[in-house]
Amino acid sequence: MGLIGWLIAFLVFVGIEIATFALTTVWFAGGALVGLILYLMGASLEVQLSVFAAVSFLLLLLTRPLALQYVNRHVKKTNAESLVGKRAKITEVVDNEAGTGAAVVNGQEWTARAAEDGGKIPVGTSVTIREIEGVKLIVEEQERKV
């Protein structure tokens, strides 16, 4: 690939990372740097490309989860994301087949659907929000203690 090729690859990967801060290309920049070092040491193109791929993959696999913890630790969930796991109260019968259902959570009314197909949840039932799909809460009835 040559000195210029590895330098261009390195700079492109670093440039993309600086522009996005998405932790997607920095791993390939590391691989390109190792490829450049191998070129300077006289390794064949096949060895350079193989080690580039291996180093990039290993950096991605081993360090990305750790890096994401530090990079995203101050990111706050949006209002909708923060509702997952919370309780809501059914205000309109939830019936997936009929396409009906509403629930109130934090004083706001949402369209609601049951997590299980065919399930109906009556008015007044306390439910747990499992996920959000668009503007619909996907809920399931809470276990009743006997």
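For the structure, check the block above.
To start, this report covers the structure provided alongside it.

Reading the values: the criteria
Residues numbered from 1 in each chain as written. Predicted model: local features only at pLDDT ≥ 70, side-chain atom pairs only at ≥ 80, totals over all residues. Heavy atoms only, no water. Helix = DSSP H or I, 4+ residues; strand = E, 2+ residues; numbered from the N terminus. Expected span 1.5 Å × (residues − 1). Buried < 20%, exposed > 50% of the residue type's maximum accessible area, 1.4 Å probe, protein only. Pairing = 2+ DSSP bridges. Polar contact = N/O pair within 3.5 Å; in protein donor to acceptor, adjacent residues only side chain to side chain. Contact = heavy atoms within 4.5 Å. Core = buried A, V, L, I, M, F, W, Y, C linked by side-chain atoms within 4.5 Å.

Concerning helix 2 (residues 26-40)
Right, so step 1: Between its terminal C-alpha atoms helix 2 stretches 21 Å, which fits the 21 Å expected from 15 residues at 1.5 Å a residue.
Right, so step 2: Within helix 2, the full set of buried residues consists of W27, A29, G31, A32, G35, L36 and L38.

Quick look at the pairing of strand 2 (residues 100-105)
Right, so step 1: Relative to strand 2, strand 1 (residues 87-95) runs antiparallel, the two being bridged by four bridges. By the bridge assignment for strand 2, E92 is matched with A102.
Right, so step 2: Count of turn residues in the strand 1/strand 2 antiparallel hairpin: four residues, of which G99 carries a positive phi of about 75°.
Right, so step 3: When strand 2 meets strand 3 (residues 108-114), the two strands line up antiparallel, connected through four bridges. By the bridge assignment for strand 3, A103 is matched with W110.
Right, so step 4: What sits between the antiparallel neighbours strand 2 and strand 3 is a turn of two residues, in which N106 has the positive phi angle 50°.

Some details on the side chain of R113
Right, so step 1: Within the secondary structure, R113 sits in strand 3.
Right, so step 2: Within the structure, the side chain of R113 is placed 3.3 Å from the backbone oxygen of T100, a separation counted as a polar contact.
Right, so step 3: Contact partners of R113, with chain neighbours within four places excluded, come to V94, N96, G99, T100, G101, K136, L137, I138 and V139.

A few points about the nonpolar core
Right, so step 1: Core analysis: the largest hydrophobic core is formed by 14 residues, its most contacted members being I90, V105, I121, I129, L137 and V139.
Right, so step 2: Looking at this core, the elements with two or more residues in it are strand 1, strand 2, strand 3, strand 5 (126-133) and strand 6 (136-141).
Right, so step 3: Ignoring anything within four residues of it in the chain, the contact list for L137 reads L83, A103, V105, W110, T111, A112, R113, I129, E131 and I132.
Right, so step 4: Counting five residues, the second largest nonpolar core, distinct from the first, contains A9, A32, L36 and F52.

The values reported here are purely geometric and, on their own, carry no functional implication.
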